[in-house]
Amino acid sequence: MFLTAMGASLTVGALAIAVRSLAGTTPASASSAAKPEVMVWKSPSCGCCGGWVDHMRAAGFPVTVQEVDDVEPVKMRLGVPARLQSCHTALVGGYALEGHVPADSVQRLLRERPAAVGLAVPGMPQGSPGMETGVKDPYDVVLFGAGGGDSVYERR
């Protein structure tokens, strides 16, 4: 029995090495600066959401987009308060992202790992990622769900 279990363990290990080899990674490079996947829920007709997705991909995040007719149930499930809502909602590394959150703010969030639900850029401020129109309005990146309250994480 021990030899059978040991053989199965070796087979699983060999399979993992083979998969990493086919993917062009080694165990050392697999743990390096790979960014976690960003799952985005957005309306099929929203162009600015597509601009934000492009911004996140340009920053090196792998992004999966789920187009839905109604993003509200996702916002509710992920705990995004109505006062902070915007056009699209995302999930990365266990955190909710609401609206046009800059990629470097997401990187900081993932590095610091605060006790919070996530980050939000309420509304659709001009000049935020995906909302580049030549006009840049000041806006806040809000950390929410930390101890039940909101705080300004960054001012832009």
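Everything quoted here is computed from the prediction, not taken from an experiment.

Draft legend 1. Examining the overall build of the protein more closely. In terms of regular secondary structure, the protein is built from 5 helices and 7 strands. Helices and strands appear in the protein in the N-to-C order α-α-β-α-β-α-β-β-α-β-β-β. Looking at the protein residue by residue over its 156 residues, the buried ones come to 37%. When contacts within the protein are restricted to residue pairs at least 6 apart in sequence, long-range pairs at least 24 apart make up 53% of them. Looking at the protein as shown, the accessible area adds up to about 8400 Å², and 61% of this sits on carbon and sulfur atoms.

Draft legend 2. Expanded view of the packing of aromatic side chains. Evaluated as defined, the whole model comprises 0 aromatic pairs. Lys 35 extends its terminal NZ or CZ atom over the ring of Phe 61, reaching a point 5.8 Å from the ring centre.

Draft legend 3. Representation of the pairing of strand β4 (residues 95–99) in the model. For β4, the tally of buried residues reaches 5 of 5 residues, placing the bulk of the element in the interior. Summarising the sheet, strand β3 (residues 89–92) and β4 pair through 4 bridges and their orientation is antiparallel. Among the inter-strand pairings, Leu 91 is bridged to a residue of β4, identified as Ala 96. As for the winding sense of the linkage, the β-α-β connection from β4 through helix α5 (residues 103–112) to strand β5 (residues 118–121) is left-handed.

Draft legend 4. The arrangement of the pattern of salt bridges in detail. Using the criterion set out here, one finds 8 salt bridges in the structure. With a closest N to O distance of 3.4 Å, Arg 108 and Glu 154 form a salt bridge. Placement of the pair is Arg 108 in helix α5 and Glu 154 in strand β7 (residues 149–155), with a sequence separation of 46 residues. Among the residues examined, Arg 108 registers a relative accessible area of 23% and is labelled partly exposed. Salt bridges linked by common partners bring Asp 104, Arg 108, Glu 112, Glu 154 and Arg 156 together as one network.

Draft legend 5. Quick peek at the side chain of Ser 128. By secondary structure assignment, the location of Ser 128 is in the loop between β5 and β6 (140–146). In terms of polar contacts, Ser 128 uses its side chain to reach the backbone carbonyl oxygen of Pro 125, at 2.7 Å.

Draft legend 6. Layout of the side chain of His 88. Here His 88 is to be found in the loop between α4 (72–78) and β3. For His 88, a relative accessible area of 0% corresponds to the buried category. Of note is the side chain of His 88, whose polar atom sits 2.8 Å from the backbone oxygen of Gly 99. Once residues lying within four places of it in the same chain are set aside, the contact partners of His 88 are Val 40, Trp 41, Lys 42, Cys 49, Trp 52, Lys 75, Leu 97, Glu 98, Gly 99 and His 100.

Draft legend 7. Representation of the nonpolar core within the structure. Counting residues in hydrophobic clusters, the biggest one holds 23 residues, and the most contacted among them are Val 38, Trp 52, Met 56, Phe 61, Leu 97, Val 106 and Leu 119. Where this core is concerned, the elements lending two or more residues are β1 (38–42), α3 (47–58), β3, β4, α5, β5 and β6. Looking at which element gives the most residues to this core, the answer is α5, with 4 residues. Ignoring any residue separated from it by four or fewer positions in sequence, one finds Met 56 in contact with Val 38, Phe 61, Val 63, Val 101, Ala 103 and Val 106.

Draft legend 8. Here's a closer look at α3. For α3, with 12 residues, the first-to-last C-alpha span of 17 Å sits near the 16 Å given by 1.5 Å per residue. Considered for burial, the residues of α3 that qualify are Cys 48, Cys 49, Trp 52, Val 53 and Met 56. The buried residues of α3 occupy an angular sector of 150 degrees when projected down its axis, which confines them to one face. Turned more than 90 degrees away from the buried face of α3, the exposed residues are Gly 47 and Ala 58. Of the residues one or two after α3, Gly 60 is the one with positive phi, at around 95 degrees.

What counts, and where the lines are drawn
- Just so you know, the residues in each chain are numbered from 1, in the order the chain's sequence is written.
- Local features are withheld for residues below a pLDDT of 70 in this predicted model, meaning they are given only at 70 or higher, and side-chain atom pairs are given and counted only at 80 or more; totals for whole chains, interfaces and linings count all residues.
- Values shown for side chains rest on all heavy atoms present in the structure; no hydrogens or waters enter the calculation.
- Labels follow the DSSP assignment, with helices taken as runs of H or I lasting at least four residues and strands as runs of E lasting at least two, numbered in each case from the N terminus.
- Categorising residues by exposure relies on relative accessible area from a 1.4 Å probe, with only protein chains included: less than 20% of the type maximum marks a residue as buried, more than 50% marks it as exposed, and the intermediate range marks it as partly exposed.
- Any two residues whose heavy atoms approach within 4.5 Å are treated as being in contact.
- For accessible areas, the Shrake-Rupley method is used with a probe of radius 1.4 Å. Any residue's cover is judged against the shown protein chains and nothing else.
- Stacked, tilted and edge-to-face are the three classes applied to pairs of Phe, Tyr and Trp rings, where Trp contributes its six-membered ring and a pair requires centres within 6.5 Å; stacked means planes under 30 degrees apart, edge-to-face means over 60, and tilted covers the rest.
- Consider the ring centre and the ring normal. A charge sits over the ring if Lys NZ or Arg CZ is within 6 Å of that centre and within 35 degrees of that normal.
- Any two strands are treated as partners once DSSP identifies two or more bridges connecting them.
- Seen with its strands pointing away from the viewer, a crossover is right-handed when the path leading from the first strand over the helix to the second is clockwise.
- Each salt bridge in this description consists of a side-chain nitrogen of Lys or Arg and a carboxyl oxygen of Asp or Glu lying within 4 Å of one another.
- N or O atoms within 3.5 Å of each other form a polar contact, as long as, within protein, one can give a hydrogen and the other can take it, and as long as residues adjacent in sequence are counted only when both atoms are side-chain atoms.
- In plain words, nonpolar cores are sets of buried Ala, Val, Leu, Ile, Met, Phe, Trp, Tyr and Cys residues tied together by side-chain atoms within 4.5 Å.
- Each helix should span, by expectation, one fewer than its residue count multiplied by 1.5 Å.
- Comment: arc refers to directions from the helix axis out to C-beta atoms.

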